[in-house]
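Commentary on secondary and tertiary structure
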Amino acid sequence: MIDPLPLSPDALVTDLAQLGVTAGDLVMVHAACSRVGPVMGGPDGIITALRRAVGTGGTLMAYLDWEAPWEDSVDADGRVPERWRPHVVPFDPARTRAARDNGALPEFLRTTPGAIRSLNPGASIAALGPLAGDLTHDHPLDYGYGPGTPLSRLVERGGKVLMLGAPWDTMTLLHHAEHLARLPAKRTIRREVPFARPDGGIDWRWMEEFDTSEPVSKHLPENFIERIVTEYIATGTGQRGMVGQAPSILVDAEDILPFAIKWLEQAAS
């Protein structure tokens with residue numbers, strides 16, 4: 001039996017267009033590449049399809065984060081123990097890979113020629129296209145999911161969020177909603193972070209952030225992101241469809257954000 005041909009980028013472009021991705025769009029992508037199916041070129045083929053779908057006037061962005069296992073060893077004050085400090089690999093925006101938990105696509109996008117990475121390690125974003133510099137510049141080191149960040153600019157510039165077979169609870173934009181929502185007793189975290197210097201040394205800098213590793217307020221359910229997206233889609237807003245073999249959704253960032261903020265505030269009241 002002859003194996004079926006893999007999906008071509010052009011076939012994915014057709015699916016993306018039917019979902020609502022159009023030329024000139026700004027799209028933040030979360031992808032489970034394996035769910036899309038066998039694609040010519042693998043993740044690079046998916047990126048090729050996305051670039052063709054948004055055209056030369058469109059921009060793609062993806063959430064990177066970074067691998068920082070040393071964070072589990074900080075003391076109660078957020079400081080890395082002295083015995084660990086000489087061995088920690090610092091954040092280098094040109095070299096540090098995206099967190100593997102985010103799947104293959106963010107790292108493939110980061111290393112695509114022309115892509116630009118923002119300089120906040122944990123909230124790091126890669127963008128590719130004419131808005132890439134605008135989205136990623138001056139990413140605040142403190143509160144990297146709040147105002148003046150790539151996520152807020154995604155909303156301000158009328159961007160969309162594409163969940164390409166990705167679990168709905170991975171929609172990073174909703175961490176921006178956590179930041180903006182008026183919630184009681186938001187948990188914050190403060191720790192020192194290593195940044196690479198051109199001479200090979202390390203600069204240690206203190207950073208502060210709302211702790212979104214769990215719901216930022218104890219009044220929120222553990223699965224709040226998935227519930228928000230599910231209830232938003234249930235209103236009939238957003239688009240659903242198949243891209244390759246992946247069930248996918250496309251939502252307007254400017255529309256889902258206030259829905260999420262209202263949901264969070266009501267859930268915590």
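Scope of this entry: the structure provided in the associated data block. Because the structure is predicted, anything quoted here is derived from the model rather than measured.

What counts and how
- Residues numbered from 1 in each chain as written.
- Predicted model: local features only at pLDDT ≥ 70, side-chain atom pairs only at ≥ 80, totals over all residues.
- Heavy atoms only, no water.
- Core = buried A, V, L, I, M, F, W, Y, C linked by side-chain atoms within 4.5 Å.
- Buried < 20%, exposed > 50% of the residue type's maximum accessible area, 1.4 Å probe, protein only.
- Helix = DSSP H or I, 4+ residues; strand = E, 2+ residues; numbered from the N terminus.
- Contact = heavy atoms within 4.5 Å.
- 1 Å grid on protein atoms, 1.4 Å probe; cavity = no way out; pocket = protein on both sides within 12 Å on 5 of 7 lines; lining within 4 Å.
- Points joined across faces, edges and corners; volume = space filled by probe spheres on them.
- Nonpolar A, V, L, I, M, F, W, Y, C, P; charged D, E, K, R; others polar.
- Axes fitted to C-alpha atoms, helices over the stretch in contact; angles between N-to-C directions.
- Parallel < 35°, antiparallel > 145°, perpendicular 65-115°, else oblique.
- Left-handed = near helix turned anticlockwise from the far one by under 90°.
- Salt bridge = Lys/Arg side-chain N within 4 Å of Asp/Glu carboxyl O.

On to the nonpolar core, then. Judged by nonpolar contacts, the single largest core of 41 residues is most densely connected at M61, L154, V161, M171, L173 and L264. Among the elements that line this core, the one with the most residues is helix α9 (residues 253-268), at 8 residues. Setting aside its immediate chain neighbours within four residues, L173 contacts L151, L154, V155, V161, A253 and I256. In this structure, L12, V21, V54 and L128 belong to the second largest nonpolar core, which totals 27 residues.

Structurally, Q239 can be placed in strand β8 (residues 239-243). Sequence separation between Q239 and P121 is 118 residues; the distance between their C-alpha atoms is 32 Å. With residues near it in sequence (within four places) discarded, Q239 still touches L19, S248, I249 and L250.

All right, on to the layout of surface pockets then. In this structure, the largest pocket encloses a volume near 1300 Å³. Counting residues per element, the ones that place at least two in the lining of the largest pocket are β1 (26-31), β2 (59-63), α4 (105-110), β6 (188-196), β7 (202-210) and α8 (224-234). At 4 residues, β7 tops the list of elements feeding residues into the lining of the largest pocket. Considering only residue class, the lining of the largest pocket consists of 25 nonpolar, 11 polar and 14 charged. By volume, the second largest pocket amounts to about 220 Å³. Taken together, 13 residues make up the lining of the second largest pocket; nearest its centre are W66, E67, V89, P90 and T96. Classifying every residue of the lining of the second largest pocket gives 8 nonpolar, 2 polar and 3 charged.

In total, this model carries 1 cavity of 30 Å³ or more according to the counting rule given. One number sums up the size of the largest cavity: a volume of about 30 Å³. Taken together, Y145, H175, E178, H179, E209, F210 and T212 form the lining of the largest cavity. Counting only elements with at least two residues in the lining of the largest cavity, the list comes to α7 (173-180) and β7. Here the lining of the largest cavity is composed, by residue class, of 2 nonpolar, 3 polar and 2 charged.

If you trace the backbone, T188 turns up in strand β6. Judged by its relative accessible area of 47%, T188 falls in the partly exposed class. For T188, the residues in contact, after removing those within four places along its chain, are Y143, E209, F210 and D211.

What follows concerns the packing of helix α1 (residues 9-19) against helix α3 (residues 43-54). At a minimum axis distance of 8 Å, the contact between α1 and α3 shows a crossing angle of 50 degrees. One way to sum up the angle between α1 and α3 is to call them oblique. By crossing handedness, the relation of α1 to α3 is classed as right-handed. Contacts between α1 and α3 involve P9, D10, L12, V13 and L16 from the first element and G45, I46, T48, A49, L50, R52 and A53 from the second.

Going through the model one piece at a time under the given rule, you end up with 15 salt bridges. Of the charged contacts, one joins R187 and D211 as a salt bridge, the two residues approaching to 2.8 Å between their closest N and O atoms. Taken together, the residues R187 in the loop between α7 and β6 and D211 in the loop between β7 and α8 connect sequence positions 24 residues apart. Overall, the relative accessible area of 27% leaves R187 in the partly exposed class. By relative accessible area, D211 is classed as buried at 15%.

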